[in-house]
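A look at the structure
Letter by letter, the chains look like this.
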Amino acid sequence: MIFIAIVMGCILGAVIGIYAPMVPYTYSGYLAIAIIAALDSVFGGIASTLNKQFDLKIFVSGFFGNAILSMLLTYLGQKLNVDIYLAAIVVFVGRMFNNLAIIRRYYLQKWTSHKKKETGEKVG
């Protein structure tokens, strides 16, 4: 079910991306940081689903909350002439790598236990 939602979201994003107008340079920084924040939430949602701890309310609030907060930090940084958005990028990308590591470990563990079952080795 999640795989179907991911595929549908990718198709919808591609179709919208083809027909959407170009984002002005003025707003490209805001969009970039919002996308990084949203991707962080998506990787966190996948990791929590694998750990059977997924909560839709937490996911949606984190998805929009992180994106809005990161855009506000970018705006504040532009007004102060300080690159505050770099702090948000470091945090979000760091969390994305942690969540990707959780996802990777889950599937590697699942794959190795499946292989051990096929060969008849003791699973432990």
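Predicted, not measured: the structure shown is a model, and the values here were computed from it.

Moving on, we get to helix 3 (residues 56–80). Because each turn of an α-helix spans 3.6 residues, side chains separated by three or four positions in sequence point in the same direction. End to end, helix 3 covers 36 Å across 25 residues, agreeing with the expected 36 Å (1.5 Å per residue, within 8%). Looking at the buried positions of helix 3, the neighbouring elements they touch are helix 2 (25–50) and helix 4 (85–119). With its phi angle positive at about 60°, N81 sits one or two positions after the end of helix 3.

Here we come to the pattern of salt bridges. A complete count under the given rule lists 2 salt bridges for this structure. Across the pair D40 and R95 runs a salt bridge, and its minimum N-O distance is 2.3 Å. Taken as a pair, D40 in helix 2 and R95 in helix 4 lie far apart in primary sequence, 55 residues in all. A relative accessible area of 2% places D40 in the buried class. Given a relative accessible area of 38%, R95 falls into the partly exposed group. The residue E118 makes a salt bridge to K115 at a minimum N-O spacing of 3.7 Å. Here K115 and E118 lie together in helix 4, a separation of 3 residues that amounts to about one turn.

A few words on unusual backbone geometry. Positioned with a positive phi, K52 is a non-glycine residue whose angle comes to about 60°. Note on placement: K52 falls in the loop between helix 2 and helix 3. K52 sits in the exposed class, given a relative accessible area of 71%. Although it is not a glycine, N81 sits at a positive phi angle of roughly 60°. Within the secondary structure, N81 is located in the loop between helix 3 and helix 4.

Quick notes on the rules
Residues numbered from 1 in each chain as written. Predicted model: local features only at pLDDT ≥ 70, side-chain atom pairs only at ≥ 80, totals over all residues. Heavy atoms only, no water. Helix = DSSP H or I, 4+ residues; strand = E, 2+ residues; numbered from the N terminus. Expected span 1.5 Å × (residues − 1). Contact = heavy atoms within 4.5 Å. Salt bridge = Lys/Arg side-chain N within 4 Å of Asp/Glu carboxyl O. Buried < 20%, exposed > 50% of the residue type's maximum accessible area, 1.4 Å probe, protein only.

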